[in-house]
Every structure is written in C-alpha cells, then in structure tokens.
Amino acid sequence: MRRLFIVIFVLSGFISFGQELSSTDKKAQRYFKEAQSFYVRNRMVDALDKLNSTIKEDDRFFEAYLLQADIYSEIDSTLLQIESLEKAVAIDSNQYPKSFYVLGNAYYSIGLYQKAKVAYQQFLNNNTSGTLFKKAEKRLIDCDFALKMVLDSVVFNAENMGNAINTSDDEYWPSLTIDSETFVFTRLVSLGDVSNEYISRYQEDFFVSQKVDGEWQEAKPMISINTVYNEGAQSISADGKLIFFTACTQSDGYGSCDIYYARNINGVWSHPQNAGAPVNSSSWESQPSISANGELLYFTSNRKGGKGGMDLWRCQLNGFSSQGKPLWGTPQNMGDAINTSGSEMSPFIHPDGKTLYFSSDTWMGMGGMDIFYSRMINDSTWGQPTNLGYPINTYHDEQGLIVDASGKNAYYSSNRSDLNGLDLYRFDLYEDAQPATVSYIKGRVIDGKSLRPLNARVELVDIEKGAIATQTESSLDDGEFLMCLSLGKEYAFNVSCEGYLFFSENFSLTKVRSAEDPFVMDISLNPLEVGSSTVLRNIFYQSGSFEILNSSKSELSKLIGFLNDNPSVKIEIEGHTDNVGSVEYNDELSENRAKSVFLYLIDSGIPENRLSYKGYGMSLPFTSNDTATGRSQNRRTEFRVVSLD
C-alpha cells in the first residue's frame, strides 16, 4: 500500500489540516476534514464516503479529488485513482504540478505509456530540478522504450498446460528435468473455511506431473517434501534427484526466508533440510536455480554486499558430505552486469550453463518486474541483459520463466484467465532469445552377469579442459541415471562401481545434435575377475602413429586410479586396429600403441610386474569393418584382467 498523497501533499504542506483550502463552501470543508480524519485512522470506506459528500457540495474541490486519488491508490484501484487525478488537474493544472507526476505513474502502471508521457512532460514543464524531476525524465525514456517494445512485439502464443496441471487454485513457479518428462510446480492450495483469522486459508505446496506418451499426467502432491508450512520457488535438478526450494519462518532458519533442499535417494525423497551457511544468512534468501551439472546454485538475496534491493548471487556446490550436507564455496554477487540499484529476482540458469533468465524492476522494461536474459561471455563475465520483449513482458510483474533443454519451449505462470487465477503456460520461445541447445544421456547400469541394477558413479569429462563437467550416481533401486550434455564439445564418459571394471565411452558433440536426439543406453559393468576386459574409448593417438595425444589424459588417469584402488590386479594392455592396411602394418601399429600405454602407466608409478601388453592388429574386430563407424570402433585400446593375485 502506498500513501502517495500523504507523502507528497500533506507532509509537504499542500494539504495540511490548518491550511486554506480551494473551496469556500463551509459544509464541503467540514466533510473534507472529516474525510482526512478517517483517512489517517485507516478507515478508507468512511473517508471515501465523506469525500463523495464533499464533492457533492462542491464539485470543484481540488484537494478532495487528490485525497480520493490517494485512497484509490492504497486500495489498488488504479482506474479510479486516474479518474480522480484527471478531475483534479482539469480544475487546476498549475496549483499542484506534482499531481502530473503521480498521474504519469498511474498511467504507466497500467501500460498507458503515451498518456504517461504527456503527464510526465506536463510535470517537467512546471519544474526544473529535484528528485522527482530526475525520476520524471527517466520515466519519459522508459515510456519511449515501452512504446517501441509494443511496436516491435515478439512472436508469442501462450498455450495453457491443461487440467492435468492447472486447477481453480493458483499454479506457478515451474521447474523441469532435462528430459522434459518430470514437471514440478508450486500450487497455492485452498484450506477451506478457517475460523481463526490469524491462520492463512491457503497453503503453498509442491506438485509433480510425469509425461507419459507425450501427455502430462494428473499432478500429484510431493507428500514427502510438503509440510504444514509454505514451500515454494523450487528448482529441480536435471536428473530429478535433487530439489532446492524456499521456506520462511522455519525454526531452523537463519533469516526470514531460507533455501532448503531434499535428495531423491533410491527413489525416495529425503526429509528437507536447511541448505546452511554460507548460502543462507540472517538476510532473505530465496528462488534457487541449480545448474544442470549440479555445481552452481543461483539464488536471490538482499544480504550485505549487494548492489541494490534484491540481488542475484551464485555459489559453488562441491558435492555432499558423508552426512549428506551440501559443501559450499563462497557466494558471489553476480555483479554490475546483472544487478542494479533496484531488485533482480527469479534466476533460471539454462542447462547450457551460459544463458541466464531473470526478472528486474530497474533494467529498461515495460513497468514492474520484466524478464530479461543474459549470456555468459566467458567463465566469469555476463553480457548486457536483453528484455525478453512484449507481449511476454507487460506492465504486470513477470517472473519465474524456465526454458527446456531444446531451448525452444518456455514455461511461465500468468493470470490470462480471470476464472482460474494464475495458471501455467507453455509457449514457443522466439529464436533470438533461445539458449544453446543441449542434449542428455539417459541410461541404466546393471551387473553384466546377474543383470541386477547397480549404484554406480557416472562421470562426464570435458576432454578439452581435462576436468569433470558433471557427475551423478545411478539409482540403486533401478540403476537409472540422467545427465546433461552441452553441445559443441567432446566428452569422456565413465561409469564405475566397486568390484567392477569401469565402463568407457566417447561422445563427440562437436557436430550439430538436437535435444530430441539424446543418448539412451544400457550399461553392463563386468565384474572384477580374471578374463574380464573393458574398452578404453578415450585413449587417442596421432593418425597412423602410436604417439598418445594429450586428450587421452583423463582416461589414463581413470585407469591409473582403478589400478591404485585394486593393487592386486594385473592387466594386459591390448591394441587393436581396423582392416585398412596390411596385416604386418596393423600388427606393428597395435603393438606399439599398446606399448605406449604400458610405458605411460609405468611412468605414472604403476609397477611393471602388474602390466603386460600385446598388439592384436585386425584379428579381433569389435564390429564389422564395412562402415566408417565400424572401423572407428575397431581402432581401440583395451585392458584385460590376467590375475587377481
């Protein structure tokens, strides 16, 4: 609620209880003073009734219209506020020029930008300096920007997500797994009649819907996470196994609102826990967004060290302790490229890791909170935010937008229908605002002999950087896992589990691939026993040579780690080729390549008596040599367990 005219007029001496009023009608003056008395006691209905009597006695009572407008502003009746202000300035356009500034704000707040421009200009014509003068000048620029946005509107066609998701209650704040098959959102659930006026009639809870055969199923409450308190503003991880959310006024809270988390372990959600310091502080923390690789948490906070009201921050998540607690780095403010002297909120980091969507009330927009996007220039610098455009943004507050892995489908909440309040919608995001497309790996890890599911460690290594890009675990109950793949890179993929040989694969995504074309695979891990072998898909050589390339280091490190973890294991390094060239050539090449790996392991501290090597040439093809893909798979390095003594 805003007492604009009490601030602007009463405290400034324009409408004081003792001042000379514009009306000389004694009865009208008495009604007006009674209205003032009701107003300061917050009895708005009585104040409006007295003002109506005032105006009935004297319909040119300037101050009565101003106070009437102030009351309408407080009760959020903008159209009635505008009507009262228009009548006031029509009576006297010179006595209180600040009226034009407030009228401009009212026009601007409902998207009447051209009328707002006229009102602001009239205010500026009668003032030459001051705080409001500077604000009015800025608002003129804002109006021109908004008018241009309307003229250059973007393609936008929102589609209601249907009865499986939306109800007569409010639904908002969507989140989505990387495969777009699990949809989590917040619903404001009605609790029915509540006799105690101090108890809310509504409860914020999480609901989840699964996509089956392309259709969203009826959303179900997340019973294991929902409590008798409000939970909202959630972010589910790419694999659907970790959720961060906001809860306020909790007994274990650090401040008014904190970020909490729960983990899905073996198909069961853990009891929600406070995410702890330094993510949470004595200030307000909310609206988390977890990156697809699970390494960064973006969130909103008004903590010390910010640029304005609410700022966007991010914090490194370095895994979880043995007690299941998150291990955090130092929170970092997103800086001047994102944050302003106003408020920035509702961050969403796309799975590409380089496109950030957020809301701001200060970057140039349509009024209120608008949605913007910014792209990462390098690992620490963000580009100038871009307004998502009209009619995605309007004079209303827009927040809580997410975009799927393909970069084409966006989801947000809107009250486009007066019948259902806030509903969730999907729309096609126009090309310029789309992030980079990402893909994903979805699979299942099983024992190669018993076929039972395994709880295995799954790693994706950026070969160029030689660093883990993301990691997860397969579920013990079904062996399933899911992880994001950013396109345009080459990855080493490893799956390991105690008592088994690790699995190795290579994903070269330097060529175009779509999110609709993910990698889906069943992975059988060979038990650690004599005769078991595995292919090392990420050991590379110069073409026609046995010189090991630097891009092989992550795979060789994996092999060294395996041998160090299993000191009784002895292995044979095997070299294999395709059928291009003579038998003698391929025998020699495969022998030399196997020897290169053998020598690398010895140089890395592995005892020579645990190693041997042999070249098999083209004699043991993995698959047919009739295709380029087949020949590529046949050019490989393997290791085989020869002893467990």
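Basis of the calculations
- Residues numbered from 1 in each chain as written.
- Predicted model: local features only at pLDDT ≥ 70, side-chain atom pairs only at ≥ 80, totals over all residues.
- Heavy atoms only, no water.
- Helix = DSSP H or I, 4+ residues; strand = E, 2+ residues; numbered from the N terminus.
- Rg over C-alpha atoms; globule rule 2.2 N^0.38 Å.
- Buried < 20%, exposed > 50% of the residue type's maximum accessible area, 1.4 Å probe, protein only.
- Contact = heavy atoms within 4.5 Å.
- Lys, Arg positive; Asp, Glu negative; His and termini not counted.
- Charge placed at Lys NZ, Arg CZ, Asp CG, Glu CD.
- Pairing = 2+ DSSP bridges.
- Axes fitted to C-alpha atoms, helices over the stretch in contact; angles between N-to-C directions.
- Parallel < 35°, antiparallel > 145°, perpendicular 65-115°, else oblique.
- Left-handed = near helix turned anticlockwise from the far one by under 90°.
- Nonpolar A, V, L, I, M, F, W, Y, C, P; charged D, E, K, R; others polar.
- 1 Å grid on protein atoms, 1.4 Å probe; cavity = no way out; pocket = protein on both sides within 12 Å on 5 of 7 lines; lining within 4 Å.
- Points joined across faces, edges and corners; volume = space filled by probe spheres on them.
- Polar contact = N/O pair within 3.5 Å; in protein donor to acceptor, adjacent residues only side chain to side chain.
- Phe/Tyr/Trp six-rings, centres within 6.5 Å; stacked < 30°, edge-to-face > 60°.
- Core = buried A, V, L, I, M, F, W, Y, C linked by side-chain atoms within 4.5 Å.
- Disulfide = S-S within 2.5 Å.
- Expected span 1.5 Å × (residues − 1).
- Arc of directions from axis to C-beta.

A. Highlighting the overall build of the protein chain. Helix and strand content of the protein chain: eleven helices and 34 strands. For 645 residues, the compact-globule formula gives about 26 Å, and the C-alpha radius of gyration of the protein chain, at 32 Å, lies well above that figure. With respect to the three principal axes, the spread of C-alpha positions in the protein chain is 115 × 50 × 45 Å. Put simply, the protein chain has 645 residues, and 52% of those count as buried. Sequence separation of at least 24 residues holds for 57% of the intrachain contacts in the protein chain that already meet a minimum separation of 6. Of the side chains in the protein chain, 57 bear a positive and 83 a negative charge, and the two mean positions are spaced by 4 Å.

B. The pairing of strand β4 (residues 202–212), seen in detail. The pairing of strand β3 (residues 182–190) with β4 spans nine bridges and is antiparallel. Bridge assignment links V184 to a residue of β4, and that residue is V208. Across two bridges, the pairing between β4 and strand β6 (residues 220–221) is antiparallel. Note on β6: the bridge partner recorded for V208 is K220. Two elements, β4 and strand β5 (residues 215–216), share two bridges in a ladder whose sense is antiparallel. In the sheet register, K211 faces β5, and the bridge partner there is W216.

C. Structural view of the packing of helix α4 (residues 62–74) against helix α5 (residues 78–91). Axis separation between α4 and α5 bottoms out at 8 Å; the angle between their running directions is 160 degrees. By the angle between their directions, the pair α4 and α5 is classed as roughly antiparallel. The interaxial crossing formed by α4 with α5 has left-handed handedness. Of the residues in α5, those in contact with F62, Y65, L66, Q68, A69, Y72 and S73 of α4 are L80, Q81, S84, L85, K87, A88, V89 and I91. For the contact of α4 with α5, the per-class residue count stands at ten nonpolar, four polar and one charged.

D. Looking closely at empty space enclosed by the protein. Applying the stated criterion across every chain, the model contains one cavity of 30 Å³ or more. Its volume calculated, the largest cavity comes out at about 290 Å³. Among the secondary structure elements, those contributing two or more residues to the lining of the largest cavity are β2 (170–176), β7 (232–236), β12 (285–290), β17 (344–349) and β21 (402–403). Split into classes, the residues belonging to the lining of the largest cavity amount to 17 nonpolar, ten polar and one charged.

E. Just unusual backbone geometry, in detail. Cis geometry is found at the peptide bond from A277 to P278, where omega equals 5 degrees. Relative to the elements of secondary structure, P278 occurs in the loop between β11 (273–274) and β12. Omega for the bond connecting Y390 with P391 falls within 30 degrees of zero, at 5 degrees, which places this linkage in the cis form. Tracing the backbone shows P391 in the loop between β20 (386–387) and β21. Look at N42: it is not a glycine, yet its phi comes out positive at around 65 degrees. Turning to its location among the elements, N42 is positioned in the loop between α2 (26–40) and α3 (44–57). Located in the positive-phi region is S180, a residue other than glycine, with phi close to 60 degrees.

F. Molecular detail of the side chain of R426. Tracing the chain through its elements places R426 in strand β23 (residues 421–428). At a separation of 2.8 Å, a polar atom in the side chain of R426 contacts the side chain of D428. Excluding its chain neighbours within four sequence positions, the residues that come into contact with R426 are N157, A158, E159, M161, N409, A410 and Y411.

G. Region of the structure containing the sheet that holds strand β19 (residues 370–375). Here we have four strands laid out as an open sheet, ordered β17-β18-β19-β20, and antiparallel in their pairing. With one partner strand each, in any of the chains shown, β17 and β20 form the two edges of the open sheet. Relative to β19, strand β18 (residues 355–360) runs antiparallel, the two sharing six bridges. Bridged to F358 within β19 is F372.

H. Highlighting the packing of aromatic side chains. The final tally for this structure, using the stated rule, is 29 aromatic pairs. Between F183 and F185 the ring centres are 5.9 Å apart and the planes differ by 40 degrees, which places this aromatic pair in the tilted class. With relative accessibility at 0%, the residue F183 sits in the buried group. When its relative accessible area of 0% is taken as the criterion, F185 is described as buried. Their ring planes at 45 degrees and their centres at 5.6 Å tell us that F562 and F639 sit as a pair that is tilted.

I. Highlighting the nonpolar core. Membership of the largest hydrophobic core comes to 47 residues, with the highest contact counts inside it found for F32, L51, L67, I71, L103 and Y120. Within the residue set of this core, elements represented by two or more residues are α2, α3, α4, α5, α6 (98–109), α7 (113–125) and α8 (131–151). Sorting elements by how many residues they give to this core places α4 first, with eight residues.

J. Summary view of the packing of α6 against α8. Look at α6 against α8: their axes get within 11 Å of each other, and the N-to-C directions meet at 35 degrees. For α6 against α8, the interelement crossing comes out left-handed. Within the contact between the two elements, α6 uses K98, Y101, N105 and Y108 and α8 uses L132, K135, A136, R139, D142 and C143.

K. Broad picture of the state of the cysteines. Applying the stated criterion across every chain yields a total of one disulfide. The side chain of C248 participates in a disulfide bridge whose partner is C257; the two sulfur atoms lie 1.9 Å from each other. Taking the sign of the S-S torsion, about 100 degrees here, the bridge from C248 to C257 comes out right-handed. Taking the relative accessible area as the measure of exposure, C257 reaches 8% and is therefore buried.

L. Spotlight on α8. Look at α8: 31 Å from first C-alpha to last across 21 residues, which is about the 30 Å you get at 1.5 Å a residue. Of all the residues in α8, the buried ones are F133, A136, L140, D142, C143, A146 and M149. Elements in contact with the buried residues of α8: α6, α7 and β20.

M. Up close: α3. Taking 1.5 Å per residue, 14 residues should reach 20 Å; α3 reaches 20 Å between its end C-alpha atoms and fits that length. Of all the residues in α3, the buried ones are M44, A47, L48, L51, T54 and I55. The buried residues of α3 occupy one face: seen down the axis, they fall within an arc of 115 degrees. Those residues of α3 that are exposed and aimed more than 90 degrees away from the buried face are V45 and K56. In this structure, the buried side of α3 is in contact with α2 and α4.

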